[in-house]
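# Survey of secondary and tertiary structure
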Amino acid sequence: MAKVKSFNPLDFAKQVESVDAIFPTVQILDETGKIVNEDLVPDLKDEELVELFSRMLWSRALNDRSTTLARQGRLGFFAPTAGQEASQLASHFAFDKGDILFPGYRDIPQLVQHGLPLHKAFLWSRGHVEGNIYPEDLNAMPPQIIIGAQIVQAAGAGLGLKKRGKKQVAFTYTGDGGSSQGDFYEGINYAGAFKAPVVFYIQNNGYAISTPRSLQTAAKTLGQKAVAAGIPGVIVDGMDPLAMYAVSKAARDWAIAGNGPVLIETLTSRFGPHSLSGDDPKRYRDQASFDEWDNKDPLIRFRIYLTEKGLWDEAKETALIEKVDQEIKDAVKLADQAPKQKVSDFLKNMFEVPTNTIEEQIATFEAKEGK
Amino acid sequence: MAQLTMIQAITQALDIALERDENTLIFGEDVGLNGGVFRATEGLQAKHGEDRVFNTPLAESGIGGLAIGLALEKYRPIPEIQFFGFVFEVMDSIVAQMARTRYRLGGTRHMPITIRSPFGGGVHTPELHSDNLEGLMAHSPGLRVVIPSNPYDAKGLLLASIENNDPVVYLEHMKLYRSFREEVPEGYYTVPLDKANVSLEGNDITIVTYGYMVREALKASEKLKAEGISVEVIDLRTVQPLDINTIVKSVEKTGRLVVVQEAQRQAGVGAAVMAEIAERAILNLKAPIGRVAAPDTIFPFGLAEHDWLPNEEDIIAKVKEIVAFD
């Protein structure tokens, strides 16, 4: 009781500090590939560790190949993912096919791992509707462009899953910039109020295009935004695949058990520009910032860890990269075969029951397209 | 058949919808125990349970996002936006998200959401509550905007909207809620969407309008009839997309047209009707198209509403002007 007595509600500095203090960063595997937190090491089998690393390598290769394709003009919009492999693929590794994914525009690797055929990801990038027509069993929405919109939608889907009594969750990603949107707060607050099973990720890669994280909020961390919604918030080393998996798994378990949502901030970095549509990170990042994050590369530390465990070697890596290159070539070929889009089809997809003015426009465009 | 006010007809429609389909959900600010600020959802939570009819936090964008997420889980959400002046808070969810979902996903997903909201002037609300923002909605491809003008249509159009697999913005004029009663059948029936209603048949001039202005137009028509002018009144019911055929047919018959809207003149539904007629039936016109609308100011301060809102006298004056054109 003495503690309560000494609490001074007007000591604002102390209040801010006390909130900051309860959000340490979770790390399990450090930059040198050593386990630093034995207690939290996730219970993953050897083959699962290899599978996770393979997915991260696949993602890096996909990033590199997509960058080349984009520069050749063979893709449309492309947001590089190199550096975020642990944040994206190790978090996704904790979910299953029945969970509903609400990705942001940079979260293509998780979408493909969730079941989106790769050629459709390329078609989305190019701006072809086929890229948004998903297989029946793919529980996901196409990448969201408005950076807070998926947060409120995920809250709704989570509530739906709860009402249906399904033992599944919704999970969704935005960035440090996205955490500044009003919808971000409305979404986590709604999910908290309804105890909806949702896992919210803020992938804090330091920059919303060129605006630094320090300008997004006065809060010391983004994870602590959970406090205002009355839900758990966790900050994770987003370059550490074991920590990313362990925290994600714990969050999913918590949500499925009926406790409501969890907010996870991942501290990560994009090694490249915001997108390949003209952004030059050298205008707003210095060399020291690139070097610092290069040293934290999730692939390097995970590779060392697996190699020391005898689970990985150079031959395996070479074989995997060759396989990925082939997969990407095949996907590009498939994407190239997509039929030309028709405006009459767009019109047909405006309403289930077309209106008379739309029907007229369909006829007009069908006549043009028939020529 | 019972004599019901429009709000009673709406409550009855919601009750029937909840009864018929367990996937329907009503949610919004104060819609539960309180039955909504206008009591449109009165008694529905007690009857259908808190799982089906529930309050949300006071955040409109959250309501929109919730509706989208629930629709993806195959629910049929009927969210309420407490006053339509608050719609700006949820514009992204309505216009940029649910309205484009079917298109964006190549026709593979439904968004069967009916957003109900009170709107319209003349009831002395505080700032930012009333306003006529249907034009803003009508400007957004992928949405249906439905506005009933009487209890019978209100019930049938609401049930049709809820059954529809695309998003509908269903706007309830506050001044119509309790201003009169009408015979409304007890059970289930629908009034088709996208179909205008010829509320009054006439030969000399066509008035195209919707919502509360239908009442004013009908009153005006009665007085005009006494002066020997036969008016045909078309109630759009669905203001977007427009039932062009019904309007064109009427203009072909009468050769004269006046559009009436409570909203400001500068844009909106009336302008769309005028453009369509100019394009499709201009040679049938014997006179310029007349327009009765509110002036292009922000929605007025409460004590000035009476002077600002279009009314029966404005309609009579405009009709006489158009009829007199030679």
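Note that the structure is predicted; figures quoted are calculated from it, not measured.

### Observations concerning the UniProt feature "domain: Dehydrogenase E1 component" (unreviewed entry) in chain A
Following the UniProt record, the feature "domain: Dehydrogenase E1 component" (unreviewed entry) maps to residues 56–343 of chain A here. Taken end to end, residues 56–343 of chain A is 48% helix and 11% strand, and its first and last C-alpha atoms sit 38 Å apart.

### Describing the domain arrangement of chain A
As far as domains go, chain A holds domain 1 (23–339) and domain 2 (342–371). Once you take the C-alpha centre of each, domain 1 of chain A and domain 2 of chain A turn out to be 38 Å apart.

### Here's the deal with the nonpolar core
Side chains of a nonpolar character, in soluble globular proteins, are inclined to be buried together. If you look at the biggest cluster of nonpolar residues, it comprises 75 residues, and the most contacted ones within it are Ile94 and Leu236 of chain B. In terms of residues, this core owes the most to one element, helix α3 (residues 60–72) of chain B, which gives 7 residues.

### Describing the packing of aromatic side chains
Aromatic ring pairs: the centre-centre distance and the angle between the two ring planes describe each pair. Tallied over the full model, the rule gives 20 aromatic pairs over all chains. Judged by centre distance (5.5 Å) and plane angle (75 degrees), the ring pair of Phe346 of chain A and Tyr103 of chain B falls under edge-to-face. Taken as a pair, Phe346 of chain A in helix α15 (residues 343–348) and Tyr103 of chain B in helix α4 (residues 91–104) lie in two separate chains rather than in one. Given a relative accessible area of 29%, Tyr103 of chain B falls into the partly exposed group. An aromatic cluster is present here, built from Phe53, Phe302, Tyr305 and Trp312 of chain A joined pairwise through their rings. Directly above the ring of Tyr75 of chain B sits Arg164 of chain A, whose terminal nitrogen or CZ lies 3.8 Å from the centroid.

### Digging into the pattern of salt bridges
Within the structure shown, the criterion is met by 35 salt bridges over all chains. Its salt-bridge partner being Asp336 of chain A, residue Arg126 of chain A comes within 2.8 Å of it at the nearest N-O pair. Here the residue Arg126 of chain A occupies a position in helix α6 (residues 118–126), and Asp336 of chain A occupies one in helix α14 (residues 314–336), the gap between them amounting to 210 residues. Arg144 of chain B is the salt-bridge partner of Asp194 of chain B, the closest N and O atoms lying 2.8 Å from each other. Remark: Arg144 of chain B occurs in strand β6 (residues 144–146) and Asp194 of chain B occurs in the loop between β8 (182–184) and β9 (197–200); sequence separation between them is 50 residues. Assessed through its relative accessible area of 1%, Arg144 of chain B is described here as buried.

### Considerations on the domain arrangement of chain B
All names here are of chain B. We note that the domain assignment places domain 1 (2–184) and domain 2 (197–324) within chain B. Computed over C-alpha atoms only, the centres of domain 1 and domain 2 are separated by 26 Å. At the interface, 25 residues of domain 1 touch 21 residues of domain 2. Of the roughly 2000 Å² buried at the junction of domain 1 and domain 2 (both faces included), carbon and sulfur atoms supply 57%. The largest share of the area that domain 1 buries against domain 2 comes from His124, Asn132 and Ile147, three residues that together contribute 22% of it. In this structure, the connection of domain 1 to domain 2 is made through 1 salt bridge. Along the contact surface separating domain 1 from domain 2 lie 12 residue pairs in polar contact (both at pLDDT 80 or more). Taken together, the elements giving at least two residues each to the side of domain 1 that touches domain 2 come down to α5 (134–138), β6 and α6 (151–163). Residues belonging to the side of domain 1 that touches domain 2 are distributed by class as follows: 10 nonpolar, 10 polar and 5 charged.

### Some words on the sheet that holds strand β10 (residues 205–209) of chain B
Sheet strands pair via backbone hydrogen bonds, and the direction of the pair is either parallel or antiparallel. All names here are of chain B. Taken together, 5 strands build an open sheet; the order of strands is β9-β11-β10-β13-β14 and the sheet is mixed. Two strands bound the open sheet, and with one partner strand each, they are β9 and β14 (290–294). Pairwise comparison of adjacent strand axes, ignoring direction, gives a mean angle of 25 degrees for this sheet. Pairing between β9 and strand β11 (residues 231–235): 3 bridges, direction antiparallel. Along β11, the bridge assignment pairs Leu200 with Val233.

### Observations regarding the confidence of the model for chain B
Taken as a whole, chain B shows an average pLDDT of 97; of its residues, 100% reach a score of 70 or greater. As a predicted assembly, this complex carries a pTM of 0.96 together with an ipTM value of 0.95.

### Looking at the sheet that holds strand β7 (residues 233–237) of chain A
Residue and element names in this part refer to chain A. If you trace the 6 strands from one edge of the open sheet to the other, you get β1-β7-β8-β4-β3-β2, paired in parallel fashion. Bordering the open sheet on either side are β1 (25–26) and β2 (100–102), each of which pairs with just one other strand. Of the strand pairs in this sheet, β1 and β7 are connected by 2 bridges, and their pairing is parallel. By the bridge assignment, Val26 is partnered in β7 with Val236.

About the criteria used
Residues numbered from 1 in each chain as written. Chains lettered and ligands numbered in written order. Predicted model: local features only at pLDDT ≥ 70, side-chain atom pairs only at ≥ 80, totals over all residues. Heavy atoms only, no water. UniProt positions renumbered as here; feature names shortened; annotations may be inferred. Helix = DSSP H or I, 4+ residues; strand = E, 2+ residues; numbered from the N terminus. Domains from an automatic or database assignment. Core = buried A, V, L, I, M, F, W, Y, C linked by side-chain atoms within 4.5 Å. Buried < 20%, exposed > 50% of the residue type's maximum accessible area, 1.4 Å probe, protein only. Phe/Tyr/Trp six-rings, centres within 6.5 Å; stacked < 30°, edge-to-face > 60°. Lys NZ or Arg CZ within 6 Å of the ring centre and 35° of its normal. Salt bridge = Lys/Arg side-chain N within 4 Å of Asp/Glu carboxyl O. Contact = heavy atoms within 4.5 Å. Buried area = accessible area lost by both parts, 1.4 Å probe. Polar contact = N/O pair within 3.5 Å; in protein donor to acceptor, adjacent residues only side chain to side chain. Nonpolar A, V, L, I, M, F, W, Y, C, P; charged D, E, K, R; others polar. Pairing = 2+ DSSP bridges. Axes fitted to C-alpha atoms, helices over the stretch in contact; angles between N-to-C directions. pLDDT = per-residue confidence, 0-100.

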